[in-house]
Structure formats: structure tokens, C-alpha cells
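# What the coordinates show
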2 protein chains.
Amino acid sequence: MTQSTGGGRARTRRVTLADVARRAGVDKAVVSRVVNDDPMLNIRPETRARVTAALKELDYRPNVAARSLRTARAGTVGLFIPDFANPVYAEIITGAESAAAERGCALMVGSSTAGRGGAQSYLDLLGQGRVDGLLLAGGTITDEEQATLADRGLPWLFVNRRGPGAGRHVVLDDELGARLAVRHLLDLGHRRIAHVGGPAGADTAHRRRDGYATALRSAGLEEDPRLVVQGSYGPGSGVQAVQKLLDGPEPPTALFVANVTSAIGVLSALRARGVSVPDEMSVVAVHDLPLAEHLIPPLTTVRMPLRALGARATRLLLSVPADQLVEEVVREPIELVVRQSTAGPRQGPRTL
Amino acid sequence: MTQSTGGGRARTRRVTLADVARRAGVDKAVVSRVVNDDPMLNIRPETRARVTAALKELDYRPNVAARSLRTARAGTVGLFIPDFANPVYAEIITGAESAAAERGCALMVGSSTAGRGGAQSYLDLLGQGRVDGLLLAGGTITDEEQATLADRGLPWLFVNRRGPGAGRHVVLDDELGARLAVRHLLDLGHRRIAHVGGPAGADTAHRRRDGYATALRSAGLEEDPRLVVQGSYGPGSGVQAVQKLLDGPEPPTALFVANVTSAIGVLSALRARGVSVPDEMSVVAVHDLPLAEHLIPPLTTVRMPLRALGARATRLLLSVPADQLVEEVVREPIELVVRQSTAGPRQGPRTL
DNA sequence: CCCAGTTAGTCAAACGTTAGAACGGAGGTG
DNA sequence: CACCTCCGTTCTAACGTTTGACTAACTGGG
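Residues numbered from 1 in each chain as written. Chains lettered and ligands numbered in written order. Predicted model: local features only at pLDDT ≥ 70, side-chain atom pairs only at ≥ 80, totals over all residues.

### Details of the interface of chain B and chain A
Taken together, the contact between chain B and chain A spans 71 residues of the former and 72 residues of the latter. Among the elements of the structure, α4 (64-71), α5 (87-102), β2 (106-111), α6 (119-126), α7 (143-152), β4 (156-159) and α11 (260-272) of chain B are those that each provide at least two residues to the side of chain B that touches chain A. Of the residues forming the side of chain B that touches chain A, the biggest block, seven residues, is contributed by α5 of chain B. Split by residue class, the side of chain B that touches chain A holds 34 nonpolar, 27 polar and ten charged. (Contact = placed C-beta atoms within 7 Å. Helix = DSSP H or I, 4+ residues; strand = E, 2+ residues; numbered from the N terminus. Nonpolar A, V, L, I, M, F, W, Y, C, P; charged D, E, K, R; others polar.)

Below, the structure is given as C-alpha cells:
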């Protein structure tokens, strides 16, 4: 194939329903109903054949703008995330994207990093009618933003985060994920297990912390508040958490980190302090990513079904009426992926 | 604020231009021109005030579908990437997103991971009129896809990748980036410098390899083909590359890796083989990411202006007519970020 | 043979916006 | 005072689809 010289050939007039209709010798209404598989349509097979032939020959494709205008639906769902750089959201996006495509919808992803104004400016951009609904993944939404959202009359859904009070969200069983991770550490024989948590505002952080607490309790252990450090899900906060824990009175032998991204910082800080993983410190984190396998040492993680989360949320957004509650926990399996960052605690005290 | 009970209040009829016009006591044409800042509009200040007041009071926002239908422009640009999980694209997206927002456009990002059919199905989804142009970042586009693209009459632009033959692309100075990296290694005293490259099909990979070759030559060194390994920009390929290089006859003392992502694999493989970085092997990679600082050891990188690339590409796509060539190299500064993965070569042979 | 009911379509009116053309009045010019 | 020009606005016809209402031709039953 030779590439055309520019970014597109001379703009040839679009082929419209009317063109197809003319060619097939029918009314455009018929063509429209054929295109949309209208079940109410009665049509002779022969006529249908003529129409489909004309459609193919002219390579007709519907004008989404006209369709949206008429039907008042955009065929697009919006997904708002805090940051594209966070690989956790990449998984959610991918899931959402395929679920949307499955339904013939496009996905429009926006982040708060770009616009100065956070969600607000994104909402403005969506204007009226650009999307049929909005998935709000992670991050925090201000009251003002939430008001705007309500004013727009758009169906929305929190993803991986429960809104304050009301119930339109789909989340994962973070509590279970956390329990699996901590249980693994307990099974290895650890007793002093610290938790590098997420930000105070994050709902997932609460649930993971709850899972941590539950797992400890069910092993007959008391939770030591000095072993719980709040972070921000970023590598930097992992570094700080390690400093704090190692400088504490009775350092832990294992770390349950609420997020892979902070685990990267955790590993790097441990290394910097000369603490060997897993010999002197075991580390397990929530979320499995391709990257985890290549950290040093390869990181033991809990694989959360993030794609399924994105997909499920999209499907719910598109199917559940906007005035109904949605409070769903995605039940896809959560698995522990054991790699080399976890081991039993050192037998006795030993100097490096 | 109390949260409303559902995902949206009862769908209240949208406020339209006609509503605003009625309220302001003018024709909707006037309102339209006011909304769009039509420079051809002659209007009494008093009338304009009435209109803007009405706009505000009714909280009017234009219906994008109707507007698109009338103007035949979507106000959206599409960006197609191979994979959301690659943080390099995250940077490009972020740049594109803000440039689009700046122009009042929305950005629609799609990846080939979701749809089974790669770009093809994405193009189908865009249908006619969903986007005004398409940015194609990285990855490879098949001939068939390219034909579809041309048929659609959409302006497109390759980003970070030159198309085969024709000239509509905006790229970075990868050659310079590579030279900076290799020069750094040379300055440290390295003479046997290997290259872990990108995939054969990738244009960036070629340019980085060229930069590598140039830097070596300008230092009076001969390029040793046994020191050049082809990879795939993924962590896994970094692992394999290391195996191959270390098992070779005369292993290098430094590695120039074409991509951060593969560098992660490289570091992990070196570690697994017991090769200490930077004492026994220096590593430098193209692309700086927040993550690089937290690798073990913190990775020396070349910071490429990926955001600027995304932004520039978006602006060009929106401003340059589809039938003109675009061949631009983004000239934002490229900097070497020295961290701890590079050092001078070991003085003499020494057993571990 | 007439009416009811189906079949296979056609007709036309929206959806909300934009943009070119038209238009009534005021002010200036010959 | 007739004519032209500018100003400030209004009118109107699209843009391409969808969808409820309508119809013309058949078919079959009484």
C-alpha cells in the first residue's frame, strides 16, 4: 500500500442514510431500522439484502452526532481518575474500556493532573451530552464537584471507592485482600507485622487497614498502633514509612504495604538502610502488576481483580437506572502471589 | 452538603438556546453568537448583558451533539496507544490532555489491549465524527489499519514514531537522548558499553541505537555488534538481554538501556546474577519516571520531554490542515538525571 | 365482496445548534 | 426627499438520525 501524502484525502462528502436509501430504492427510515436491528421492523428478505448491500458498497457509518442529538444518548462513558501514571488505574481503565466496547460505547478517560481545576474542569469539558455517565475512580471529590455532578443530572458511580454516605459504588473486597496478605505473613511465623497504609481520605485504605486488624485479631494478636503508618500510596511515602518504623522502639519483622506503588519505595528504603528482604524483613503488598515480578527482590503481592472492577463498574453504570442504589463488591478471585519478598522471620537476633 | 440519593436527580429537561433566548427577549441566533464570541456580531452592550445574565441564570451549556452535527466538528481528539500500563504513555497522555483542554477539546484515549482487534476496532468505534483527528502513539499500525484511516478522511499524526515513508509525525530527539546517556558512560571511563535496544519495528529504537553508535564513534570506539541486544521495551526483555550479554565472551562494564521499563528487568536480572550495580555494571536508561528514583539502585536516566511531546502533537493535529506534512522534533530540553546506577568501571579484575 | 388484520413499507416531525440571508429603522448624503 | 449604508437583530434552512403515525397493498374469513 502506498501511503497517501497527507493526513487525509480531500474531504469527500460523508455518505448518509439518505444516500444508502436512494441506492437501495427504499426510504431512509428502513435503512435506519436495518442498521439498528429494529426488532419491530417487518421487511422482505430481498429488500433487506438490497439495503445491506448498499450499506456495504457505500461503506456507510452512522454519524454519531446526529444520532446523539436525536436519541439524547452519547454512546460514551466517562472515567475520571486522579493520575494516568498510576498503573493501578491503568488496569481499571483497560477493564472499563473493554466493557464499554462490548456495549458499543466509547470510553473517555480524564485525569485531574491535566486541568488545573481537578474534576471540576473535566466536568465542564464534558458539557452536556458528551457522556452518558461518569465513573469516578479513586481520588477525592470535593463537595462542590459533587454538587456540579448532581446538577448535571448525569448518572455516576464511584469505582474502588465508596462515596460519603450514599450508595452508588462498586469496589473490591479490599478487606479480604488485606487478610490474605497478613495471613500469609502470620503463616510464615511473623508476629510483629507492621502496616504501611494509604491516605486517611482513601476508602480502600480503610478497608485494607480493617483487614489487617481482623487478620491480626483472628490470630490472637493485639494490634500495636506504633506499627501502623499512614502513607499516600506513592513511593515517597513508602520511604518515609520505613524510616519511621525502623526508628521505632521494637521494629517489625514484616510489612504489609497497602499498595504496590508504595511498596517500591519501601523496598528501596529498606535497601538503603541495609535491611535485607526477606531475610530481615518480609514485605507483601496489595495489587499485582507486571512490574512486581521484577522488583528487587520480586515482590509477593495480592492480586486484585482490577480489570474486572473496571468492567463491572462500566456495565453497571450503563445498565442500572440513575436513581437506583448500587453497592457492589466485585467477587472475582483474589489471589496471593508468592514471590521472594516474604520468608519466615530470622530465628534469633543476629548482627548483620 | 447532603448527597442526593441516587446517581442523578430526575432528568430535568435540558436548557436550550431557545430557553435562554426567550428569557433574554432575543432570538436564539443572538444567544448562539454570544456564546461563541462571534467577532462578526454587532450587539448593544445592554442586550449582551441581558443575554449573559440569562445564560448564567439558566446555567446554559451547549449540547455538543447538536453543535457537532451542525458544524461537522467533534471537539474531541483521539489518542491511540498500545497499552495503558506503560508509564511512558501516561506522560504523553497527560500532555495531550492538557493541550486539548486548552483548546476546549476533549481527549479520547484508546488502547489496543482492550479490543481484540487492535486499532481496527478502535477506529470502528470512533465511527464518523466522534473525533476530529487521531494521534497514533507508538505501537505499530498495520497496512490495513492505515488504509482504514485514510478512508475515514481523518487527520492523523504519528506521535513518538515516524510513519513508513510519509511525513506526518512529531517525535523527540531520541538520538540526542541516547548520545547524552552514552556520553555519560564514556565520561565515567567505560569503554565496553552494551546497548539493550527496543523492538526492531520501533522507530524510537532505531534512533536510540543510532545515538548510541554515534556517541561511541565520536569517542573513537568501534561498535561491537555482540554488545547490542534487541529487546521489546518490556521488563522481561531486559532480563533476557542481561543473560545474553553476561554469557557473552567479553561482558560489558556498562549498559545503555533504551527504555526505563526494560531497565527494571535489567536491574533485576543483574541482581539475580549477583552483578552489583554500579560497582560491576553501570546502567543508564532512556525516560525518567517518578519510579526511577526508587529502583535499586536509583536509576540514572535521560529525562525526555514526553509531556511536551503529547502537548505539541495535539496542538499540531488541531492546527495544521490534514493535507500538509508535519515533521517536527520537539526541542524541549533533554537532561541527564544522574542517580546511583552509574559509576566508573572497576579498576581491575576482582573476584566477588 | 367487504371488512379486519397483517405486511412492508413511507412520511414527517422532531432533536439543538449554527450561519447566511433578510429586514426594519436610524442616520447620513446628494 | 429619495437613496444608500450601517446597525442590531430576526428568520430560516440546514446538519443526519430516529420514531411514531400513517398508508397502500395483500390475505383470509364470513
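Back to the text.
### Thoughts on the pairing of strand β9 (residues 282-286) of chain A
Residue and element names in this part refer to chain A. Most of β9 is tucked away, with five of its five residues classed as buried. What you see with β9 is no split at all: S282, V284 and V286 on one side and V283 and A285 on the other are buried throughout. With four bridges connecting them, strand β8 (residues 254-257) and β9 associate as parallel partners. Of the residues in β9, the one forming a bridge with L255 is V283. Note: β9 against strand β10 (residues 300-303), three bridges, orientation parallel. Residue pairing across strands places V284 opposite T300, the latter belonging to β10. (Buried ≥ 20, exposed ≤ 12 C-beta atoms within 10 Å, placed from the backbone. Pairing = 2+ DSSP bridges.)

### Let's talk about the protein's contact with DNA strand C
Neighbouring DNA strand C are 26 residues, the closest being D27 and A29 of chain A together with L17, A29 and A66 of chain B. Looking at the surface near DNA strand C element by element, the count peaks at five residues for α4 of chain B. Residues of the surface near DNA strand C, tallied by class, amount to twelve nonpolar, seven polar and seven charged. (Near = placed C-beta within 6 Å.)

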